[in-house]
Amino acid sequence: MDKAFTESMRQRLTALKQDILAHLAQEDAEFRELWEDMDPKDLVDVASEDVDRKTLEALGAQEMRRLNLIESALARIPNGHYGVCMKCGARIPRERLEAIPYALLCIGCQSSEERRNR
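Residues numbered from 1 in each chain as written. Predicted model: local features only at pLDDT ≥ 70, side-chain atom pairs only at ≥ 80, totals over all residues. Heavy atoms only, no water.

### Quick word on the overall build of the protein
Then, number 1: Counting its regular elements, the protein contains 4 helices and 0 strands.
Then, number 2: Reading the secondary structure of the protein in the N-to-C direction produces α-α-α-α.
Then, number 3: Here the protein holds 118 residues, and 26% of them are scored as buried.
Then, number 4: With the model as given, the accessible surface of the protein reaches about 8000 Å², and the carbon-plus-sulfur share is 55%. (Helix = DSSP H or I, 4+ residues; strand = E, 2+ residues; numbered from the N terminus. Buried < 20%, exposed > 50% of the residue type's maximum accessible area, 1.4 Å probe, protein only. Areas by Shrake-Rupley, 256 points an atom, 1.4 Å probe, with all protein chains shown as cover.)

### Focus on the side chain of Thr 6
Then, number 1: Here Thr 6 shows up in helix α1 (residues 3-36).
Then, number 2: Overall, Thr 6 belongs to the buried group, its relative accessible area being 14%.
Then, number 3: Non-local contacts of Thr 6, meaning those with residues more than four positions away in its chain, are made with Met 1, Ile 77 and Tyr 82. (Contact = heavy atoms within 4.5 Å.)

### A short note on the state of the cysteines
Here, the word disulfide means a covalent bond between the sulfur atoms of two cysteines.
Then, number 1: Enumeration over the complete set of coordinates arrives at 0 disulfides.
Then, number 2: Cysteine Cys 85 remains unbridged, with the sulfur of Cys 109 as its closest cysteine sulfur at 3.7 Å. (Disulfide = S-S within 2.5 Å.)

### Digging into the environment of Met 1
Then, number 1: Note on placement: Met 1 falls in the segment before α1.
Then, number 2: Judged by its relative accessible area of 35%, Met 1 is partly exposed.
Then, number 3: Remark: the alpha-carbon pair of Met 1 and His 81, spanning 80 residues in sequence, is separated by 9.7 Å.
Then, number 4: Ignoring anything within four residues of it in the chain, the contact list for Met 1 reads Thr 6, Tyr 82, Gly 83, Arg 91, Ile 92 and Leu 97.

### Here's the deal with the confidence of the model for the protein
Then, number 1: When the pLDDT values of the protein are averaged, the result is 83; 73% of them are 70 or greater.
Then, number 2: For the protein, the element scoring lowest by mean pLDDT is helix α2 (residues 43-76), at 73; helix α3 (residues 94-99) scores highest, at 96. (pLDDT = per-residue confidence, 0-100.)

### Observations concerning the pattern of salt bridges
Then, number 1: Evaluated as defined, the whole model comprises 6 salt bridges.
Then, number 2: With its nearest N and O atoms 2.5 Å apart, the salt bridge here joins Asp 2 to Arg 94. On the criterion of sequence distance, the pair formed by Asp 2 in the segment before α1 and Arg 94 in helix α3 is long-range, its members being 92 residues apart.
Then, number 3: Overall, Asp 2 belongs to the partly exposed group, its relative accessible area being 37%.
Then, number 4: Taking the relative accessible area as the measure of exposure, Arg 94 reaches 35% and is therefore partly exposed.
Then, number 5: A salt bridge links Glu 71 to Lys 17, with the shortest nitrogen-to-oxygen separation between them at 2.7 Å. (Salt bridge = Lys/Arg side-chain N within 4 Å of Asp/Glu carboxyl O.)

### Some remarks on the nonpolar core
Then, number 1: Of all hydrophobic cores here, the largest spans 20 residues; its most connected members are Leu 13, Ile 70, Tyr 82, Cys 85, Leu 97 and Tyr 102.
Then, number 2: Elements with a contribution of two residues or more to this core: α1 and α2.
Then, number 3: Discounting chain neighbours no more than four positions away, the residues touching Tyr 102 are Leu 13, Leu 16, Arg 66, Leu 69, Ile 70, Ala 73 and Arg 76. (Core = buried A, V, L, I, M, F, W, Y, C linked by side-chain atoms within 4.5 Å.)

And the structure:
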């Protein structure tokens, strides 16, 4: 993988990381504000707010997973393992990395994992 491409991916990964961190911080502040402002309400309203809270938590969990994948990709850049499939060791195509800069697996291994997890 050439250095210019790897550097552009490093910059992109860093920008994605900053966006996720900012989003999570905003989400956390909004959730805390929502919780603090909650008045005693009837059971239906409380249940509705519980669903909203669980949705926020699920979104936060997805963002945290993406953040971990981004951190992992950034850590692989200095040692030359960025863009190498973690399962088979083959090069991950540029097009895939451009679409998903934190991809861990080549397309074949990713497809195999998805079929196995069904």
